Amino acid sequence: MSKLVTIYGGSGFVGRYIARRMAKAGWRVRVAVRRPNEAIFVKPYGVVGQVEPVLCNIRDDASVQATMNGADAVVNCVGILAPNGKNKFDAVQHEGAERVARLAAAEGVSKLVHISAIGADKDSDSDYSASKALGEEGILEHFPAAVILRPSIVFGPEDEFFNRFASMSRLGPILPVVGADTKFQPVYVDDVAKVAETALDGSIDAGIYELGGPDVMSFRDLMALMLETINRRKLVVNIPFPIARMMATSFDILSAISGGLIKAPMTRDQVRNLAKDNVVSEDAKGFADLGITPVDMASVLPEYLWRFRPSGQYDAIKQSAQNLKAD
């Protein structure tokens, strides 16, 4: 019988790519999510019955254990960018991650892959980064043979980074950013999935791997690349951190007053993270150690950002026609 992998958060941005790869590799895939009815799209990744979304609450032992039953391997992709209701940073990224590892060890699961993030640091003033580090610590305590992946900003068709700012660029002549000089090393989502697949096959050693693409760029330069890709001219304006912190505080208060109905476009915790570079450490293991050449942004961004161009899919044709008129 084919091996079974349970992927917590398997319908999310990174999780769905891992699910697709594991299905193509012949594994049975159990996609553990909060809303299985919204994860039906993963089923065609394999043949009938090969990929199945199932209900799971990562904050509950019984729920996590039930979805892990019989699994040969486990992947934890669950993470949040901002707290929402009972899904707080500590509950999801620390306690949730530790719960998966503890139960995986108890169930005799052979492989565990965990998706963390560059910048994970339990002494960080960011709750996001601190909870990521505490989650890693808990995983290694219960499952020392785990493979932990720390990607920089992940890009791809469903990302919440380039898509978000490309959408914002349609609203006016100015594109505001916080931390314009902060450096990032964006990594293609399927490259992260490829490393996870390699880890589940047992082809790499246990440990922590930091994953960054071939390009290290400032936030401002990333926006310039994005704007060039979608053929738009905007003034990228940096919001100073003191002002950004005041704005984020107001957004957080408004979100709290509304009971979470109004989502903060920017939180204080996100501002703290934007003050620090998000690149692979010099002494970290990464793609080079795995023999993988990461994909560059320029070869992927046009494939999904074209819809933000002034004329969408017809933008290139329109520009070509204008060149003919000029001749």
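Quick look at the structure, then. Because the structure is predicted, anything quoted here is derived from the model rather than measured. (Residues numbered from 1 in each chain as written. Predicted model: local features only at pLDDT ≥ 70, side-chain atom pairs only at ≥ 80, totals over all residues. Heavy atoms only, no water.)

Examining helix 2 (residues 61-68)
It helps to recall that an α-helix has 3.6 residues per turn; residues three or four apart then point in one direction. Listing the buried residues of helix 2 in full gives Ser 63, Val 64, Thr 67 and Met 68. Within helix 2, the buried residues cover an arc of 130 degrees as seen down the axis, which keeps them to one side. Along helix 2, exposed side chains directed more than 90 degrees from the buried face belong to Ala 62 and Ala 66. The N-terminus of helix 2 is capped by Asp 60, whose side-chain oxygen sits 3.3 Å from the backbone nitrogen of Ala 62. Looking one or two residues beyond helix 2, the residue adopting positive phi is Gly 70, at roughly 85 degrees. (Buried < 20%, exposed > 50% of the residue type's maximum accessible area, 1.4 Å probe, protein only. Helix = DSSP H or I, 4+ residues; strand = E, 2+ residues; numbered from the N terminus. Arc of directions from axis to C-beta. Polar contact = N/O pair within 3.5 Å; in protein donor to acceptor, adjacent residues only side chain to side chain.)

What to know about the side chain of Lys 132
With respect to the helices and strands, the residue Lys 132 is situated in helix 4 (residues 127-142). This buried residue, Lys 132, is left without a salt bridge; Glu 136 holds the nearest opposite charge, at 7.7 Å. In contact with Lys 132, not counting residues within four places along its chain, are Val 78, Gly 79, Gln 93, Ile 115, Ser 116, Ala 117 and Ala 120. (Lys, Arg positive; Asp, Glu negative; His and termini not counted. Salt bridge = Lys/Arg side-chain N within 4 Å of Asp/Glu carboxyl O. Contact = heavy atoms within 4.5 Å.)

Observations concerning the pairing of strand 11 (residues 207-211)
Counting buried positions along strand 11 yields 4 of 5 residues, so the element is predominantly enclosed. Relative to strand 11, strand 6 (residues 147-151) runs parallel, the two sharing 5 bridges. By the bridge assignment, Leu 149 is partnered in strand 11 with Tyr 209. (Pairing = 2+ DSSP bridges.)

Focus: the pattern of salt bridges
Evaluation of the coordinates by the stated rule reveals 12 salt bridges. The residue Glu 197 makes a salt bridge to Arg 21 at a minimum N-O spacing of 2.8 Å. With Glu 197 in helix 6 (residues 189-200) and Arg 21 in helix 1 (residues 13-24), the pair connects residues that are 176 residues apart, well separated along the chain. There is no split in this pair, since Glu 197 and Arg 21 are both buried. Note that Lys 43 is salt-bridged to Glu 52, the shortest N-O span being 3.8 Å.

Concerning the sheet that holds strand 4 (residues 73-76)
Pairing is parallel in the open sheet, where 7 strands are placed in the order 3-2-1-4-5-6-11. In the strand order of this sheet, the two ends are held by strand 3 (51-55) and strand 11, each with one partner. Within the sheet, the average angular offset between the axes of one strand and its neighbour, ignoring direction, is 20 degrees. Bridge count between strand 5 (residues 111-115) and strand 6: 3 bridges; the pairing is parallel. (Axes fitted to C-alpha atoms, helices over the stretch in contact; angles between N-to-C directions.)

Focus: the state of the cysteines
In protein chemistry, a disulfide is the covalent bond that joins the sulfur atoms of two cysteines. Evaluation of the coordinates by the stated rule reveals 0 disulfides. With no disulfide of its own, Cys 56 has Cys 77 as its nearest cysteine by sulfur position, at a separation of 13 Å. Judged by its relative accessible area of 5%, Cys 56 is buried. The buried category is assigned to Cys 77, whose relative accessible area is 16%. (Disulfide = S-S within 2.5 Å.)

Details of the nonpolar core
Residues Ile 18, Leu 149, Phe 162, Met 223 and Met 226 are the most contacted members of the largest nonpolar core, which totals 71 residues. Excluding residues that lie within four positions of it along the chain, Ile 18 makes contacts with Ile 7, Val 75, Cys 77, Ile 115, Ala 193 and Ala 196. Counting 24 residues, the second largest nonpolar core, distinct from the first, contains Ile 58, Ile 80, Phe 89 and Ile 148. (Core = buried A, V, L, I, M, F, W, Y, C linked by side-chain atoms within 4.5 Å.)

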